[in-house]
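Given next are the chains, with one letter for each unit.
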Amino acid sequence: MASGEGQLDVARVRGLFPGLSDGLVHADGPGGSLVPESVVRAVSQAMRVPIADRGGVFAPSARAEQLVSGARAAIADLVGGVPAGVVLGPNMTTLTYAVARALAKHWRRGDEIVVSRLDHDANVRPWLQIAAEFGLVVRWAEVDIETGELPDWQYDELLTSRTRLVAVTAASNAIGTCPDVAAIALRAHRVGALVFLDGAHAAPHALLDADVLGADFLALSAYKWGGPHVGAVVAHPGLLEELHPDKLVPAPDRVPDRFELGAPPYELYAGVAASVDHLAGLCPETGGTRRERLATSMTAVSLYESALFSRLDRGLRSMGHVQVLGEPRYTTPTLSFTVSRLRPRAVARELARRGVCAWDGDFYCRELFDAIGVNESGGAVRLGLMHYNTVEEVEHLLDTVSSLR
Ligand SMILES: Cc1ncc(COP(=O)(O)O)c(C=O)c1O
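Residues numbered from 1 in each chain as written. Predicted model: local features only at pLDDT ≥ 70, side-chain atom pairs only at ≥ 80, totals over all residues. Heavy atoms only, no water.

Focus: the overall build of the chain
Stage number 1. Of the regular secondary structure elements, the chain holds 14 helices and 13 strands.
Stage number 2. In terms of overall dimensions, the chain is globule-like: its C-alpha atoms have a radius of gyration of 21 Å, near the 22 Å expected for 405 residues.
Stage number 3. Across its three principal directions, the C-alpha atoms of the chain cover 60 × 50 × 35 Å.
Stage number 4. Counting all 405 residues of the chain, 56% fall into the buried class.
Stage number 5. Long-range contacts, defined as pairs at least 24 residues apart, comprise 69% of the intrachain contacts of the chain with a sequence gap of at least 6.
Stage number 6. Surface accessibility of the chain: about 16600 Å² in total, with carbon and sulfur atoms responsible for 54%.
Stage number 7. Distance between charge centroids for the chain: 3 Å, based on 38 positive and 48 negative side chains. (Helix = DSSP H or I, 4+ residues; strand = E, 2+ residues; numbered from the N terminus. Rg over C-alpha atoms; globule rule 2.2 N^0.38 Å. Buried < 20%, exposed > 50% of the residue type's maximum accessible area, 1.4 Å probe, protein only. Contact = heavy atoms within 4.5 Å. Areas by Shrake-Rupley, 256 points an atom, 1.4 Å probe, with all protein chains shown as cover. Lys, Arg positive; Asp, Glu negative; His and termini not counted. Charge placed at Lys NZ, Arg CZ, Asp CG, Glu CD.)

Right, dumping it as structure tokens:
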């Protein structure tokens, strides 16, 4: 696409990613995206100068403080939060376990939580395990297996005055589906329940706004959008104040630090800020605050990716030997498919032989793939597009899958 106001210049974008020089088609973005040079540079520059732990009165300690506040400010801009509500941690899974445990301390036996069959296991298992430990009742929101959608109307039945939390994903990392999370959150809030929203898969594909989505907690993972392996949970600072996670006594008790255990990877935090700057800079002719530039660039990303994706999706669905799982109305540029008479591992191997990086398996969506019934035959193959993929790559994907007939 040619460069223009609010449009993605994909040739320029591709030049920002050193990893693309391997010549492979990277259709494995949902499992971890490529990293732009600016992120690599930010991490290495942070390691070239002395950094100490925070809290000291000397320069390397002040530098660490800046790296933490830089990462918090960037993530807050990415999802419309405030830096004081951004908890950083090793990954989304670890943070979800920590928040689940801190919340459960306030709940009573017989309180209820609602999880969904669409979600990555990281937004299911921590809640189920906490429920077993604290005597909570678990209710399941089900996926319509034909469409791959998570109907929001079912929450009318699932929510009661005892519901304390609804855990749901903003987008499926396996079949792409974007549920109407604002509608689900509205229902949850009506009964006084909190919403823990998994934004890990959605964040690289559209501009998220935690308040508009109704997320009391929004969980993220920077390696999905070109950042390093760092996770985050964004919440209102006032809500974090009410929670008391397990922590060391001498460690700061203020929010959000109280949730962050041990010495953090300061150098990676430099990469987190650079990765959000990368997204904000995708339409370089745009001005304004970082959040405003993100609004423009993420709209351009969404438009670009959906055009690419509909070509891929339509192409695969037209092949008699291919079964695409679900057909959601609103989706991220991600799908899973099976091929008649071939196991997903064999398909992934053939794709790899033809220069395509693609995952096979259940992508940690164990509940969803059990419900669809593909786990016994090895799950499915997943193709996920990012803003650095091209129409030529989509054509190559289609040719390769077509040749498996
Ligand atoms: C939708 C979704 N949620 C959660 C996770 C877990 O993230 P992390 O690896 O940061 O724990 C992933 C990772 O694949 C994901 O795709």
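Back to the text.
Quick look at the pattern of salt bridges
Stage number 1. In the structure shown here, the tally under the stated rule is 30 salt bridges.
Stage number 2. Between Asp 111 and Arg 162 there is a salt bridge whose closest N-O contact spans 2.9 Å. Remark: Arg 162 occurs in the loop between α6 (155-158) and β5 (163-169) and Asp 111 occurs in the loop between α4 (92-104) and β3 (112-116); sequence separation between them is 51 residues.
Stage number 3. Owing to a relative accessible area of 2%, Asp 111 belongs among the buried residues under this scheme.
Stage number 4. Through salt bridges that share partners, Arg 54, Glu 65, Arg 72, Arg 254, Asp 257 and Glu 260 make up one connected network. (Salt bridge = Lys/Arg side-chain N within 4 Å of Asp/Glu carboxyl O.)

Remarks on the domain arrangement of the chain
Stage number 1. With domains assigned, the chain is organised as domain 1 (10-35 + 290-402) and domain 2 (41-278).
Stage number 2. At the junction of the two partners, domain 1 supplies 40 residues and domain 2 supplies 45 residues.
Stage number 3. Buried area between domain 1 and domain 2, summed over both chains or domains, comes out near 3300 Å², and the portion from carbon and sulfur atoms is 55%.
Stage number 4. Interface area lost by domain 1 to domain 2 is led by Arg 290, Arg 291 and Glu 367, which between them contribute 22%.
Stage number 5. Along the contact surface separating domain 1 from domain 2 lie six salt bridges.
Stage number 6. The closest approach of N and O atoms between Arg 290 and Asp 77, which form a salt bridge, is 2.8 Å.
Stage number 7. Applying the counting rule to domain 1 against domain 2 returns 25 residue pairs in polar contact (both at pLDDT 80 or more). (Domains from an automatic or database assignment. Buried area = accessible area lost by both parts, 1.4 Å probe. Polar contact = N/O pair within 3.5 Å; in protein donor to acceptor, adjacent residues only side chain to side chain.)

A short note on the packing of aromatic side chains
Stage number 1. Enumeration according to the criterion identifies four aromatic pairs in this entry.
Stage number 2. Pairwise contacts between aromatic rings join Trp 127, Phe 196 and Phe 217 into one cluster.
Stage number 3. Over the aromatic face of Trp 140 sits the side chain of Arg 117, whose NZ or CZ is 4.0 Å from the ring centroid. (Phe/Tyr/Trp six-rings, centres within 6.5 Å; stacked < 30°, edge-to-face > 60°. Lys NZ or Arg CZ within 6 Å of the ring centre and 35° of its normal.)

A word on the sheet that holds strand β13 (residues 380-384)
Stage number 1. Judged by pairing direction, the sheet is antiparallel, and its four strands sit side by side in the order β9-β10-β13-β12 without closing on themselves. Two strands lie at the open edges of the sheet, namely β9 (322-324) and β12 (359-361), each paired on one side alone. Here the average twist between neighbouring strands, direction ignored, is 35 degrees.
Stage number 2. With three bridges joining them, β9 and strand β10 (residues 334-339) adopt antiparallel strand pairing. Each residue of the ladder has a partner; that of Val 324, found in β10, is Phe 337.
Stage number 3. Across the sheet, helix α11 (residues 290-317) is in contact with β9, β10 and β13; its angle to β10 comes to roughly 15 degrees.
Stage number 4. Across the sheet, helix α12 (residues 344-353) is in contact with β10, β12 and β13; its angle to β13 comes to roughly 40 degrees. (Pairing = 2+ DSSP bridges. Axes fitted to C-alpha atoms, helices over the stretch in contact; angles between N-to-C directions.)

Quick look at the UniProt feature "domain: Aminotransferase class V" (unreviewed entry) in the chain
Stage number 1. Mapped onto this numbering, the UniProt entry gives "domain: Aminotransferase class V" (unreviewed entry) at residues 28-397.
Stage number 2. Helix makes up 39% of residues 28-397 and strand 15%, with an end-to-end C-alpha separation of 12 Å. (UniProt positions renumbered as here; feature names shortened; annotations may be inferred.)

Things to note about the site of the ligand
Stage number 1. Around the ligand, the structure places Asn 91, Met 92, Thr 93, His 120, Ala 122, Asn 173, Asp 198, Ala 200, His 201, Ser 221, Tyr 223 and Lys 224.
Stage number 2. Here an oxygen atom of the ligand sits 2.5 Å away from a polar atom, N or O, in the side chain of Ser 221.
Stage number 3. Within the side chain of Lys 224, a nitrogen or oxygen atom sits 2.5 Å from an oxygen atom of the ligand.
Stage number 4. Coverage of the ligand by the protein amounts to 90% of the 400 Å² it exposes when considered alone.
Stage number 5. Partitioned by chemical class, the residues of the shell around the ligand number four nonpolar, six polar and two charged. (Near = heavy atom within 4 Å. Nonpolar A, V, L, I, M, F, W, Y, C, P; charged D, E, K, R; others polar.)

Observations regarding the pairing of β13
Residues in a regular strand point their side chains to alternate faces of the sheet.
Stage number 1. When you tally the buried positions in β13, you get five out of five residues, the bulk of the element.
Stage number 2. Bridge count for β12 against β13 is three bridges, and the pairing is antiparallel. Within β13, the residue paired with Trp 359 across the bridge is Arg 382.

Side note on the sheet that holds strand β2 (residues 86-89)
Stage number 1. Spatial strand order, β2-β8-β7-β6-β5-β3-β4: seven strands in an open sheet with mixed pairing. What marks the edges here is a single partner per strand, and that holds for β2 and β4 (137-141). Strand-to-strand twist in this sheet, taken as the mean axis angle between neighbours without regard to direction, amounts to 20 degrees.
Stage number 2. Pairing of strand β6 (residues 194-198) with strand β7 (residues 217-221), which is carried by three bridges, proceeds in the parallel orientation.

A short note on the side chain of Thr 96
Stage number 1. By secondary structure assignment, the location of Thr 96 is in helix α4.
Stage number 2. Setting aside residues no more than four positions away along its own chain, Thr 96 makes contact with Ala 122, Asn 123, Pro 126, Trp 127 and Phe 196.

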